[in-house]
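Coordinate inspection notes
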Amino acid sequence: MWKQRLIDTERGTFEVFEKGEGEPLAVTHLYSEYDERGNAFANPFTAHYHVYLINLRGAGHSVAAETDAQYSMEETVLDLEAIRIALGHNKWGIAGHSTGGMLALKYAVNYPDSLTKIIAGGAAASIAYSADPGSIYCRENPHFQRIIEIMNKLDTPDVPLEERQAISREWNLMSFYSEEKMEAAYKKPNSGKTVGDRLTYFRTVDCKTFDLREQLPSVQLPAFIYSGLHDAQCPHKFGMEIAKLLPNARFMSFERSNHYPFLEEEEEFERFVERTIHT
């Protein structure tokens, strides 16, 4: 189990879960909520890092948002900086998957001197991925309308838990290379439920202007970027684009994965994590 801490910062109190020893590494997702069970993406890093799994503003027992604008990536990076300072770290690494990876890139653009490295995957450098027919978030993709229905329901508080679980499973099924791997993943302890208000802000506001392609070439940090070859959310080519834009990036492709290599190719992902240690 992960150890819970409440961290008082100049921007409010944030709930953080800790595990592992080694150099500090922040892990989070733009619209997920964690608990003592940890998270499937974060877990492999605990063998090599002191991992801080962070509930962002409005998630878990972290401070609530006073305005919706506080859910933005810009404000979220300021929150992460406040947490880093409160923890007493001069620098730390940042790791994120999917929109967590996009947030990691944003953090690196805004505060490169606060970071030791970037680890990101299942992500993109801009909102261009959502216009690619290979993404389920593109209007031309056959799953698009159903995805919108699912996200709207997840943003509705009175949707019963059983229905929320069922539609989350349906969303996940579109994002796994193998249903067998998805079923195995469901049997493992994990947390990371969707925070509706944060998801809604991203998809209705923040994503419209998300584009870091011009800034990333100036980021000199060591970067470890990965992508599943069959990723149906952020297609593989957008992970490759991130790696090409970052001057000091290494890229790893997972040949038998969709959006979740850390669940679909666990041993290979552990080897990827090991490669991030020495920079």
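Anyway, here's the lowdown on the structure attached to this text. (Residues numbered from 1 in each chain as written. Predicted model: local features only at pLDDT ≥ 70, side-chain atom pairs only at ≥ 80, totals over all residues. Heavy atoms only, no water.)

1. Considerations on the packing of helix α4 (residues 161-173) against helix α5 (residues 179-186)
Rule in force here: Interaxial angle, 0 to 180 degrees, is taken between N-to-C directions of lines fitted to C-alpha atoms, where a helix line uses only the stretch in contact. By definition, any uninterrupted DSSP run of H or I lasting at least four residues is a helix, any uninterrupted run of E lasting at least two residues is a strand, and each is numbered from the N terminus. Oblique is the label for any angle not covered by the other classes, which are roughly parallel (under 35 degrees), roughly antiparallel (over 145) and roughly perpendicular (65 to 115). It is the rotation of the near helix from the far one that decides the hand of a crossing: anticlockwise by less than a right angle makes it left-handed, clockwise makes it right-handed. By definition in these notes, contact holds between two residues if any of their heavy atoms fall within 4.5 Å. Three classes are used: nonpolar for Ala, Val, Leu, Ile, Met, Phe, Trp, Tyr, Cys and Pro, charged for Asp, Glu, Lys and Arg, and polar for all others, with Gly counted as polar.
Relative orientation of the contacting elements α4 and α5 amounts to 140 degrees, with a least axis distance of 10 Å. It follows that α4 is oblique to α5 by the angle criterion. With respect to the hand of their crossing, α4 and α5 are arranged in right-handed fashion. Between α4 and α5, the residues in contact are Ser168, Arg169, Asn172 and Leu173 and Glu179, Met182, Glu183 and Tyr186, respectively. Tallied by class, residues from the contact of α4 with α5 come to three nonpolar, two polar and three charged.

2. A few points about the packing of aromatic side chains
Put simply, the rule reads: Any two of the Phe, Tyr and Trp rings considered here, Trp counted by its six-membered ring, make a pair once their centres fall within 6.5 Å; the pair's planes then place it as stacked at under 30 degrees, edge-to-face at over 60, or tilted in between. A 1.4 Å probe rolled over the protein chains alone gives each residue an accessible area, and that area as a share of the maximum for its type sets the label: buried under 20%, exposed over 50%, partly exposed in between.
Counted by the stated rule, this structure contains 18 aromatic pairs. Judged by centre distance (5.8 Å) and plane angle (65 degrees), the rings of Phe262 and Phe269 are edge-to-face. Of the residues examined, Phe262 reaches a relative accessible area of 7% and is grouped as buried. Aromatic rings pair up to connect Phe41, Phe45, Tyr49, Phe176, Tyr226, Phe254, Tyr260, Phe262, Phe269 and Phe272 into one cluster.

3. Regarding the sheet that holds strand β5 (residues 49-54)
Quick note on the threshold: Strands qualify as paired when DSSP identifies two bridges or more between them.
Strand order in the open sheet formed by eight strands is β1-β2-β5-β3-β6-β7-β9-β10, and the pairing between neighbours is mixed. The open sheet is flanked by β1 (3-9) and β10 (249-254), the only strands paired with a single partner. Ignoring strand direction, the axes of neighbouring strands in this sheet form an average angle of 25 degrees. By the bridge criterion, three bridges tie strand β3 (residues 23-27) to strand β6 (residues 92-97) in an arrangement that is parallel. Note that in β6 the partner of Ala26 across the bridge is Ile94. Helix α1 (residues 73-87) rests against β1, β2 (12-19), β5 and β6 of the sheet, and its axis sits at about 100 degrees to β1.

4. Some remarks on the environment of Lys3
Topologically, Lys3 is positioned in strand β1. Leaving out residues up to four positions away in the same chain, Lys3 has contacts with Val16, Phe17 and Glu18.

5. Structural notes on the environment of Tyr34
Within the secondary structure, Tyr34 is located in the loop between β4 (32-33) and β5. Once the C-alpha coordinates of Tyr34 and Arg11 are considered, the two residues, 23 residues apart in sequence, prove to be 20 Å apart. Each residue touching Tyr34, except ones within four places of it in the same chain, is listed here: Glu15, Phe17, Thr28, His29, Asn39, Leu53, Ile54, Asn55, Ser191 and Gly192.

6. A word on the nonpolar core
The condition that has to hold: To qualify as a nonpolar core, a set must consist of buried Ala, Val, Leu, Ile, Met, Phe, Trp, Tyr and Cys residues joined through side-chain atoms within 4.5 Å.
Core analysis: the biggest nonpolar cluster contains 56 residues, and Ile54, Trp92, Met102, Ile118, Trp171 and Leu246 have the highest contact counts within it. In this structure, Trp92 is in contact with Pro24, Ala26, Tyr52, Ile54, Leu80, Ile83, Arg84, Leu87, Tyr107, Ser114, Leu115 and Thr116, ignoring residues within four places of it in sequence. In terms of nonpolar packing, the next biggest core, distinct from the first, is built from 27 residues, Tyr34, Phe176, Phe224 and Tyr260 among them.

7. What to know about helix α6 (residues 196-204)
Along α6, the positions that sit buried rather than exposed are Gly196, Arg198, Leu199, Tyr201 and Phe202. On the buried face of α6, the contacting elements are α1, α2 (99-110), α3 (144-154), α4 and β8 (193-194).

8. Overview of the side chain of Asn39
Our working definition: What qualifies as a polar contact is a pair of N or O atoms within 3.5 Å, subject to a donor-acceptor requirement within protein and to the restriction that residues adjacent in sequence count only when both atoms come from side chains.
Looking at the element boundaries, Asn39 is found in the loop between β4 and β5. Its relative accessible area of 11% is what places Asn39 among the buried residues. Here Ser191 takes part through its backbone oxygen, which lies 2.9 Å from a polar atom of the side chain of Asn39. For Asn39, the residues in contact, after removing those within four places along its chain, are Trp2, Tyr34, Leu53, Asn190, Ser191 and Gly192.

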